[in-house]
Amino acid sequence: VAASTGVAAVHIGGSTLHSLAGSGVPKTAKEFRMVYKNKLSVKTWQKMDALVLDEIGMVKADYLEWLDQTVRSVRERPAEAFGGIQLIFVGDFAQLAPVAAGNSELGREPRAKPTDAGADVQLDVTGFEVFAFQTLAWREARFKHVELTVNHRQNEEGNEEFRLALLDLRLGLMSDRVHGLLRRC
């Protein structure tokens, strides 16, 4: 069980994805390859059956791609998304977007050779897509999507107007009604 941020990881009793991966927060693909030197992480990935990842919306596309390629290599299952690990990704892409680290080079390095450790043959462009769902790794995982429609945080009686306003904001809609409600709050 992991999450994209430390705060989210604490709330679910897991670790951060970066810690689980054994990569820390890499700025370059070369730094990401340090996963192979982290024996505990390698062993964890080799034994893992399933990965529950919370706040997927905050995971950068290039990081997910490199992680997918690394896990495939570590598990020696190059033809299967994440080396055949069952993936349960949870999150809302309409909430917080990935943090754009201007100094990250993961998605800007030249194409690696398929035989290189941690090679990601897909990353070969500048300005790579930002969201995890825009990646080849995501498509190859063939997720079954489940939409949770009951709001448990704002479901108290008398909060319907507020709940609807939050839904509008989530979709980027700022009507006079929403604006007025927020000003009153």
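The preceding data block contains the structure.
What counts and how
Residues numbered from 1 in each chain as written. Predicted model: local features only at pLDDT ≥ 70, side-chain atom pairs only at ≥ 80, totals over all residues. Heavy atoms only, no water. Helix = DSSP H or I, 4+ residues; strand = E, 2+ residues; numbered from the N terminus. Buried < 20%, exposed > 50% of the residue type's maximum accessible area, 1.4 Å probe, protein only. Contact = heavy atoms within 4.5 Å. Areas by Shrake-Rupley, 256 points an atom, 1.4 Å probe, with all protein chains shown as cover. Axes fitted to C-alpha atoms, helices over the stretch in contact; angles between N-to-C directions. Parallel < 35°, antiparallel > 145°, perpendicular 65-115°, else oblique. Left-handed = near helix turned anticlockwise from the far one by under 90°. Nonpolar A, V, L, I, M, F, W, Y, C, P; charged D, E, K, R; others polar. Core = buried A, V, L, I, M, F, W, Y, C linked by side-chain atoms within 4.5 Å. 1 Å grid on protein atoms, 1.4 Å probe; cavity = no way out; pocket = protein on both sides within 12 Å on 5 of 7 lines; lining within 4 Å. Points joined across faces, edges and corners; volume = space filled by probe spheres on them. Pairing = 2+ DSSP bridges.

Colleague: Would you explain the overall build of the chain in this entry?
Modeller: Along its length, the chain carries eight helices and four strands. Going residue by residue from the N terminus, the α and β elements of the chain occur as β-α-β-α-α-α-β-α-β-α-α-α. Burial status across the chain gives 37% buried among its 185 residues. When contacts within the chain are restricted to residue pairs at least 6 apart in sequence, long-range pairs at least 24 apart make up 62% of them. Working note: accessible area of the chain is about 11,500 Å², and carbon and sulfur atoms make up 54% of it.

Colleague: Just to check I follow, could you spell out the packing of helix H7 (residues 160-170) against helix H8 (residues 176-184) for this structure?
Modeller: Relative placement of two packed helices is described by the angle separating their axes and the distance separating the axes. At a minimum axis separation of 10 Å, H7 and H8 run at an interaxial angle of 120 degrees. Relative to H8, H7 is oriented oblique. The chirality of how H7 crosses H8 is left-handed. Where H7 abuts H8, its residues Glu-161, Phe-162, Leu-164, Ala-165, Asp-168 and Leu-169 lie against Arg-177, Val-178, Leu-181, Leu-182 and Arg-184. Considered class by class, the residues forming the contact of H7 with H8 number seven nonpolar, no polar and four charged.

Colleague: How should the nonpolar core be read in this particular structure?
Modeller: In summary, soluble globular proteins display a tendency toward joint burial of nonpolar side chains. By size, the foremost hydrophobic cluster in this structure holds 27 residues, and its most contacted members are Trp-45, Leu-51, Leu-53, Leu-67, Ile-85 and Phe-89. Those elements that provide at least two residues to this core are helix H2 (17-21), helix H3 (29-32), helix H4 (39-47), strand E3 (50-54), helix H5 (61-74) and strand E4 (86-90). Per-element tally for this core: the top contributor is H5, with six residues. Those residues in contact with Leu-67 that lie beyond four places of it in its chain are Leu-17, Ala-21, Phe-32, Trp-45 and Phe-82.

Colleague: I would appreciate a short explanation of the layout of surface pockets in the present structure.
Modeller: Over the atoms a probe the size of a water molecule is rolled, and this reveals where empty space is left. Reported here for the largest pocket is a volume of approximately 1,600 Å³. The wall of the largest pocket is formed by 36 residues, among which Val-90, Gly-91, Asp-92, Gln-95 and Leu-148 lie closest to the centre. Elements with a minimum of two residues in the lining of the largest pocket: helix H1 (6-12), E4, helix H6 (136-141) and H7. Element by element, the count of residues in the lining of the largest pocket is highest for E4, at five residues. Looking at the lining of the largest pocket residue by residue, the classes come out as 18 nonpolar, nine polar and nine charged.

Colleague: How do you make sense of the sheet that holds strand E1 (residues 2-3) when you look at a structure like this?
Modeller: Two orientations exist for strands paired in a sheet by backbone hydrogen bonds: parallel and antiparallel. Pairing within the open sheet is parallel, and its four strands lie in the order E2-E1-E3-E4. In the strand order of this sheet, the two ends are held by strand E2 (15-16) and E4, each with one partner. Here two bridges tie E1 to E3, and the two strands are oriented parallel to one another. Its bridge partner lying in E3, Ala-3 is registered against Asp-54.

Limitation: the analysis is restricted to geometry and does not speak to function.
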